[in-house]
Amino acid sequence: MKHSDVIVIGSGVAGMTAALASAQQGKSVTLLTYGASSLSLNSGLIDILAFDDEHKAVKSPLEGIKSLPADHPYSKIGADYVEKAVEFFCAFAKKYHLPYHGSLNSQMMVPTAVGTLKPTCLAPHSLSGSESFVGKKKVVVVGVKGLKDFYADIMIQNLKKAMGEELSYESVEIDTGIEGGRDLTILDVARWLDTPKGVDSFTEQLKSYKGQTETVLIVPQILGTSGHACYLTVASRMETDVVETTGLPPSTNGLRLQAIFRQALKDNGVEFVENTKVIGAREEGGRCTGVIAQAGIRQKVYTADKYILATGGFYSGGITMRDFEQPREEVFGLPVFFVKGEENWSNAELFSNKPQGYAKTGVLTDENLRPVDENGKLVLENVYVVGRDLGGYDLCFEHSGNGVALASGYKAAQM
Amino acid sequence: MEKATVVVIGGGATGVGILRDLAMRGVDVMLVEKQDLVNGASSRYHGLLHSGGRYAVKDQEAARECIEENMILRKIGRSCVEASGGMFVRLDSDDPDYEQQWVQGCKDSGIEATPITLAKAFELEPLLSKHVVSAYLVPDAAIDGFRMSWQNVDSAKRYGGRVKTYTEVVGVIKENNEVHGIKIRDYFTGEEYEIGCDILVNAAGGWAGKVAELAELEVGVQPDKGTLIAFNQRITNHVVNRLHKSSDGDIFVPHGSITILGTTSMSVPSAEDTSTSREEVEHLLSIGEMTFENLRNYRMLRAFAGSRPLYMPPGGASGRGASRGFAIVDHEKQDGLKGMFTIVGGKFTTYRLMAERMADQVCAKLGNKEKCRTAEEPLVPEVSEEAKKAARKYFPAYGTDLAATRLGPERFARVTETLARDPEKRELLCECENVTRGEVEEMAKELSSFRINDIRRRTRLGMGTCQANFCALRSASVFAKVGRDEAARDSLGQMKEFLQGRWKGIRPVLLGRTIREMEMTRALYELSFNVNGGEKE
């Protein structure tokens, strides 16, 4: 039986952050993961906090965090750790050639594939949004012939509403020459732009905009599948700003982030065990003494001094609810907080100025992110809960997903 | 002033059936519907084409009507019917005496009920509970209420029938105890105007009492709410009925890739009440899992409810005790108002028969001697095998037949041509239901398309596994581009409204894997697109 210092269960942003930060402290880390993570669905942007509980826009995320209720994950994590986690993340991302910028004190507005602007804190250069719009006079939305899920006309229609009529707007369509029997996806085009031939053709087709420094080119997430090299090449050849938008999956930027995390985990000696579903745990005297993992038909026990749970809550099946009002945390059977009663479980309006009750379902923890029961009593002293498994917040409503994941993953590694 | 000889109020199955029947007999007829077609009970039901077995004990007349109409609809509406066959199963907890009565009832009503061995029953339906003690096969089937209704309209239009959707009747114009027309209001513009007619047919289903009130008449209609659950799997191969005294939650109907379980029965004050609750879902599940024990492990897509417009003659029974038969009221005979009829009650399976009886009375008044032909002529001509074969090059795999049945020959030919000419239109807008961009554009241009939901009912866009996760964006973009109405340009509004419509049905079943699916929807639209906060203050 192999023993590690730390076992991390789950390979989303929270799990990979926890594993990387643990490994950088010189600890031996094993990361157990089952299925593809949801990074291909994840924008890869680090939203910290964009809306408060009444849906008012939060200007400074750092200040916003400080006024959250005590049972919100950020209140457990603390603003100091959020700041440190951001530093940690930015240093790592820069080292792996996908530098992020932005600030905890303000929101950056990133254009989306429907032409709205989305507030976020940290974004890679290719998605830096509003910072690229400063002083611009013209917006050119660059579509791609045959590309699914990117519609220049509705983007322009909504961008006008979001950014004002004083700018001028136009669209242009690029032809990749890719032919085949199926619909063209963002990834097909990004792979085309990974090739020198693709970049040449792309910039050639846009040459009439070259050197127009008062123009910003808005493109789907097609600027290469890894790092920011493709973005740099295209932007420097065009001699103007190029901005990617968020969009429907697959999210190229989410995959870029996943790729650098994986590389960093490898470089830091983290043992990454895939297709392994953790189905239960052994406990003794208020401590976890091992987790039981199913790989194919075999079961295997993994042991460590410390366990970090990052199984993604409802979204990724870490928490399930087969019957009403009976949520279950799948690995440790931890107590799960949830909002009781049908009328509180969800809102009649899908999009409104109230969070969805059901989305707050999750494990409650102490200040060290260890699970507690409804009386606040510690359940397992060497288990830490991070990311979407945490209860008490609706990340879609408040736009805090990757922020909580990053900060809780980082803090759990320090404990 | 616009005029028609006959105006039919209500675009449910009954109304469109009457429209078609009268149009085929050469009558100048117009139908007005306050929302989109089949907005009421005709789209909010099991989608079950009854064999009549359900009524074999309690109501022999209804049973006989069902089996006769069942055979007719299979013939005239081939592309609307999925001839899955039905199975009646008795559990060990169900009354054996009822089984004997039922067998006799089927015999008496002319319904072929074939007893099968338990081994055969489990072979045909492997997921059945081991508590099943006897099983019979009957000619039940699934029927698509949306498609059936649109095909009735398409057929009627060929004979000169006219339709106005999103047009609400707000007044009945009468003089000297004679109807001369109606006053209507455009749903979108609020504009009011009049349409003249000689005969007015009130086929407003659950709203028939309200329409009668506009003419200062009284018609007793009791809306009786039935709640149903759609599962994201094909749990059964056949329509499976529990063989006991008809009750809640004892019918499973497979449709395409999903299964519908229902229903409940509850008197409600208004036909507008299509609310569903966690209790009703729990109630249906607890009964349903007696027949299929593993039921709770399947993903529920949504819950929905509709109201049966039960006709209440003075002193009649209510709820399940009330007749599922239909009634025609000639208001000239009953109330002395010349030129007005009401038709109410009945069930989807017998809509054609109801229309025939209604049209017979209308024609008698008009002196029209034409015979009813709706039982012989197919609703829409079949798309030829040749046309389908040629189209296969352009449609997605498995998509050709689906599109052919959804579109009918003329539209299918147009869409095929579009896809052949422009490969980009072959893009799959809705992967779950195999709907191409070309087909959505075709429907978006129709005069009856005011919102994405109107396109959904015609194409099945957004009704499958992902419940609009991907196609809400795509369809909003298509609609903004080719939609005829100004409202179509509001892409964010259209997108939100479409997703909100899905959400209504998802809320009461928000557990299990349905939660995961919903979290993805919100992650995309709320986080990635910021549709909830993206507009400038």
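Everything that follows concerns the structure shown earlier in this document.
First, a word on what this report is: a plain description of the structure on this page. Fair warning: this is a prediction, and the values are worked out from it, not measured in the lab.

Each helix and strand counted, chain B has 16 helices and 24 strands in total. In summary, chain B has a C-alpha radius of gyration of 23 Å against a globular reference of 24 Å for 537 residues, a match within 12%. In terms of overall dimensions, chain B has C-alpha extents of about 65 × 60 × 50 Å along its principal axes. Buried positions account for 63% of the 537 residues belonging to chain B.

Once that is clear, we can look at the overall build of chain A. Counting secondary structure elements, chain A contains 14 helices and 17 strands. Relative to the 2.2 N^0.38 estimate, which gives 22 Å for 415 residues, the radius of gyration of chain A is 22 Å and therefore close to what a compact globule would have. Taking the principal axes of the C-alpha coordinates as reference, chain A spans close to 70 × 45 × 40 Å. Counting over 415 residues, chain A shows a buried share of 61%. Looking at chain A alone, contacts between residues at least 24 apart form 68% of all its contacts between residues at least 6 apart. Side-chain charges in chain A split into 41 positive and 49 negative, and the spacing between the mean points of these groups amounts to 4 Å.

What follows covers the state of the cysteines. All names here are of chain B. Counted according to the given criterion, the structure contains zero disulfides over all chains. Distance from the sulfur of Cys80, which forms no disulfide, to the nearest cysteine sulfur (Cys372) is 17 Å. In this structure Cys372 is not part of a disulfide, and its nearest cysteine sulfur, from Cys363, lies 9.2 Å away.

All names here are of chain A. Summed over all chains, the structure comprises 19 aromatic pairs over all chains. With a centroid separation of 5.7 Å and 55 degrees between ring planes, the pair formed by Phe92 and Tyr96 is classed as tilted. Sitting above the plane of the Tyr315 ring, Arg388 keeps its charged end 4.3 Å from the centroid.

Attention now goes to the interface of chain B and chain A. Facing 53 residues of chain B, the contacting portion of chain A comprises 56 residues. Across the interface of chain B and chain A, roughly 5100 Å² is buried in total on both sides, 56% from carbon and sulfur atoms. When the buried surface of chain B facing chain A is broken down by residue, Arg278(B), Arg522(B) and Leu527(B) rank first, second and third, together holding 15% of it. The interface formed by chain B and chain A contains eight salt bridges. Along the contact surface separating chain B from chain A lie 33 residue pairs in polar contact (both at pLDDT 80 or more). Elements represented by at least two residues in the side of chain B that touches chain A include exactly helix 7 (278-291), helix 14 (471-482), helix 15 (491-506) and helix 16 (513-528) of chain B. The leading source of residues in the side of chain B that touches chain A is helix 16 of chain B, at twelve residues. Taken together, the residues of the side of chain B that touches chain A break down into 21 nonpolar, twelve polar and 20 charged.

Under the criterion given, the structure shown has 68 salt bridges over all chains. A salt bridge links Asp366(A) to Arg370(A), with the nearest nitrogen and oxygen atoms 3.3 Å apart. Taken as a pair, Asp366(A) and Arg370(A) share a single burial class, namely buried. For the salt bridge of Glu441(B) with Arg437(B), the shortest nitrogen-to-oxygen distance reads 3.9 Å. Placement of the pair is Glu441(B) and Arg437(B) together in helix 12 (residues 437-444), with a separation of four residues, close to one helical turn. Within the structure, one salt-bridge network assembled from shared partners comprises Lys148(A), Asp149(A), Asp183(A), Glu431(B) and Arg474(B).

Looking now at the packing of helix 4 (residues 79-95) of chain A against helix 10 (residues 252-267) of chain A. Residue and element names in this part refer to chain A. Remark: helix 4 packs on helix 10, axes separated minimally by 10 Å, with the N-to-C direction vectors making an angle of 90 degrees. Here helix 10 runs roughly perpendicular to helix 4, going by the angle between their axes. For the pair helix 4 and helix 10, the contacting residues are Phe89, Phe92 and Ala93 in the first and Leu257, Ile260, Phe261 and Ala264 in the second. Its residues placed into classes, the contact of helix 4 with helix 10 shows seven nonpolar, no polar and no charged.

Before going further, it helps to spend a moment on unusual backbone geometry. The step from Pro249(A) to Pro250(A) runs through a cis peptide bond, and the omega angle for that step is 0 degrees. Note that Pro250(A) resides in the loop between strand 10 (241-244) and helix 10. Cis geometry marks the peptide bond from Gly262(B) to Thr263(B), where omega comes out at -5 degrees. Residue position: Thr263(B) is located in the loop between strand 18 (258-262) and strand 19 (266-267). At Asn530(B), a position not held by glycine, the phi torsion is positive, near 50 degrees. Assignment of secondary structure puts Asn530(B) in the segment after helix 16.

All names here are of chain B. Its location among the elements puts His50 in the loop between strand 4 (48-49) and helix 2 (60-76). For His50, a relative accessible area of 11% puts it in the buried group. Along the primary structure His50 and Ala141 are separated by 91 residues, whereas in three dimensions their C-alpha atoms are 6.8 Å apart. Leave out the neighbours within four places in its chain, and His50 touches Tyr55, Cys66, Asn70, Asp140, Lys347 and Thr349.

Parameters and conventions
- Residues numbered from 1 in each chain as written.
- Chains lettered and ligands numbered in written order.
- Predicted model: local features only at pLDDT ≥ 70, side-chain atom pairs only at ≥ 80, totals over all residues.
- Heavy atoms only, no water.
- Helix = DSSP H or I, 4+ residues; strand = E, 2+ residues; numbered from the N terminus.
- Rg over C-alpha atoms; globule rule 2.2 N^0.38 Å.
- Buried < 20%, exposed > 50% of the residue type's maximum accessible area, 1.4 Å probe, protein only.
- Contact = heavy atoms within 4.5 Å.
- Lys, Arg positive; Asp, Glu negative; His and termini not counted.
- Charge placed at Lys NZ, Arg CZ, Asp CG, Glu CD.
- Disulfide = S-S within 2.5 Å.
- Phe/Tyr/Trp six-rings, centres within 6.5 Å; stacked < 30°, edge-to-face > 60°.
- Lys NZ or Arg CZ within 6 Å of the ring centre and 35° of its normal.
- Buried area = accessible area lost by both parts, 1.4 Å probe.
- Salt bridge = Lys/Arg side-chain N within 4 Å of Asp/Glu carboxyl O.
- Polar contact = N/O pair within 3.5 Å; in protein donor to acceptor, adjacent residues only side chain to side chain.
- Nonpolar A, V, L, I, M, F, W, Y, C, P; charged D, E, K, R; others polar.
- Axes fitted to C-alpha atoms, helices over the stretch in contact; angles between N-to-C directions.
- Parallel < 35°, antiparallel > 145°, perpendicular 65-115°, else oblique.

In short, geometric facts, not functional conclusions.
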